[in-house]
Amino acid sequence: MKSSQKVIDYLNFLLAGELGARDQYFIHSQMYAEWELGKLHDRIYHEMEDETLHARLIINRIIMLGGTPNMQVGELNIGTDVPSMLKSDLDLEYSVQEHLKEGIALCEAERDYVTRDMLVRQLEDTEQDHAHWLEKQLRLIELMGLNNYLQSQTAEPNMVASAH
């Protein structure tokens, strides 16, 4: 199935962002595990898995549309402490939201409604799950103070999940 080259090119742009997000979340999850912040590790590792799924869907769609996936990874912004890690992940999600909205508009203009619907589902996940959760964590740090927040996040990381 051939598609608009504009759509394929934009999907490759989105793919780079998803791959970058996946890698950033993976690094952050491992940092949380090292710091014995198991609850943060588990949640951020889950986000890494979601980003991997998004990338897989985009790859499959590019191939179906007759394109070749470009596996270049987008820019990473690795934090150095919990607040900066959460903030850099939230900034990433805000950027992804804007890029998805641009992609949705492009797909509508190019009359590719199946790709549009796939991007709408990813936008819902980004807004309602990823970004909203990160916003809540930063708000909790403000309300509780960093030390209380960190104490609430201590637990053994679920390394079984991350071993798969």
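Residues numbered from 1 in each chain as written. Predicted model: local features only at pLDDT ≥ 70, side-chain atom pairs only at ≥ 80, totals over all residues. Heavy atoms only, no water.

For the protein, the name recorded in an unreviewed UniProt entry is Bacterioferritin, with Moraxella caviae as its organism. Its UniProt record gives the protein a comment under Sequence similarities (unreviewed entry), which states: "Belongs to the bacterioferritin family." Listed under Function (unreviewed entry) in UniProt, the entry text for the protein is "Iron-storage protein, whose ferroxidase center binds Fe(2+), oxidizes it using dioxygen to Fe(3+), and participates in the subsequent Fe(3+) oxide mineral core formation within the central cavity of the BFR protein shell." (UniProt positions renumbered as here; feature names shortened; annotations may be inferred.)

Once that is clear, we can look at the overall build of the protein. Counting its secondary structure elements, the protein contains 6 helices and 0 strands. If you list the helices and strands of the protein from N to C, you get α-α-α-α-α-α. In summary, the protein has a C-alpha radius of gyration of 17 Å against a globular reference of 15 Å for 164 residues, a match within 12%. With the C-alpha coordinates of the protein rotated into their principal frame, the extents come out at 55 × 30 × 20 Å. Burial status across the protein gives 45% buried among its 164 residues. Put simply, of all contacts in the protein between residues at least 6 apart along the chain, 83% involve residues at least 24 apart. Counting every atom, the protein has about 8500 Å² of accessible surface; 54% of that belongs to carbon and sulfur. Separation between the mean location of the 14 positive side-chain charges and that of the 28 negative ones in the protein comes to 7 Å. (Helix = DSSP H or I, 4+ residues; strand = E, 2+ residues; numbered from the N terminus. Rg over C-alpha atoms; globule rule 2.2 N^0.38 Å. Buried < 20%, exposed > 50% of the residue type's maximum accessible area, 1.4 Å probe, protein only. Contact = heavy atoms within 4.5 Å. Areas by Shrake-Rupley, 256 points an atom, 1.4 Å probe, with all protein chains shown as cover. Lys, Arg positive; Asp, Glu negative; His and termini not counted. Charge placed at Lys NZ, Arg CZ, Asp CG, Glu CD.)

Inspection of every chain in the model, using the stated rule, returns 10 salt bridges. Its salt-bridge partner being Arg22, residue Asp23 comes within 2.8 Å of it at the nearest N-O pair. Judged by its relative accessible area of 21%, Asp23 is partly exposed. The network of salt bridges with shared partners includes Arg43, Glu47 and Asp129. (Salt bridge = Lys/Arg side-chain N within 4 Å of Asp/Glu carboxyl O.)

We now examine the UniProt feature "binding site: Fe cation 3" (unreviewed entry) in the protein. Under the UniProt annotation, "binding site: Fe cation 3" (unreviewed entry) lies at His46 and Asp50. Classification of His46 by relative accessible area gives partly exposed; the value is 32%. Among the secondary structure elements, Asp50 is positioned in helix α2 (residues 38-64). On the basis of relative accessibility, which here comes to 14%, the residue Asp50 falls in the buried class. Excluding anything up to four places from it in sequence, Asp50 contacts Asp125, Asp129 and His130.

Before going further, it helps to spend a moment on the packing of aromatic side chains. Using the criterion set out here, one finds 2 aromatic pairs in the structure. Taking 5.3 Å as the distance between ring centres and 50° as the angle between the ring planes, the aromatic pair formed by Tyr10 and Phe13 counts as tilted. One end of the pair, Tyr10, and the other, Phe13, are both in helix α1 (residues 5-34), 3 residues apart, so they sit about a helical turn from each other. (Phe/Tyr/Trp six-rings, centres within 6.5 Å; stacked < 30°, edge-to-face > 60°.)

Turning our eyes to something else, we now look at the packing of α2 against helix α4 (residues 113-144). Interaxial distance between α2 and α4 falls to 11 Å at its minimum, and their mutual angle equals 170°. When the axes of α2 and α4 are compared, the pair comes out roughly antiparallel. Packed against α2, whose contacting residues are Leu40, Arg43, Ile44, His46, Glu47, Asp50, Glu51, His54, Leu57, Ile58 and Arg61, the element α4 presents Val114, Thr115, Met118, Gln122, Asp125, Thr126, Asp129, His130, Trp133 and Leu134 at the interface. Looking at the contact of α2 with α4, its residues break down into 8 nonpolar, 6 polar and 7 charged. (Axes fitted to C-alpha atoms, helices over the stretch in contact; angles between N-to-C directions. Parallel < 35°, antiparallel > 145°, perpendicular 65-115°, else oblique. Nonpolar A, V, L, I, M, F, W, Y, C, P; charged D, E, K, R; others polar.)

With respect to the helices, strands and loops of the structure, Gln122 is situated in helix α4. Judged by its relative accessible area of 2%, Gln122 is buried. In contact with Gln122, other than residues within four places in its own chain, are Glu18, His54, Leu57, Ile58 and Leu100.

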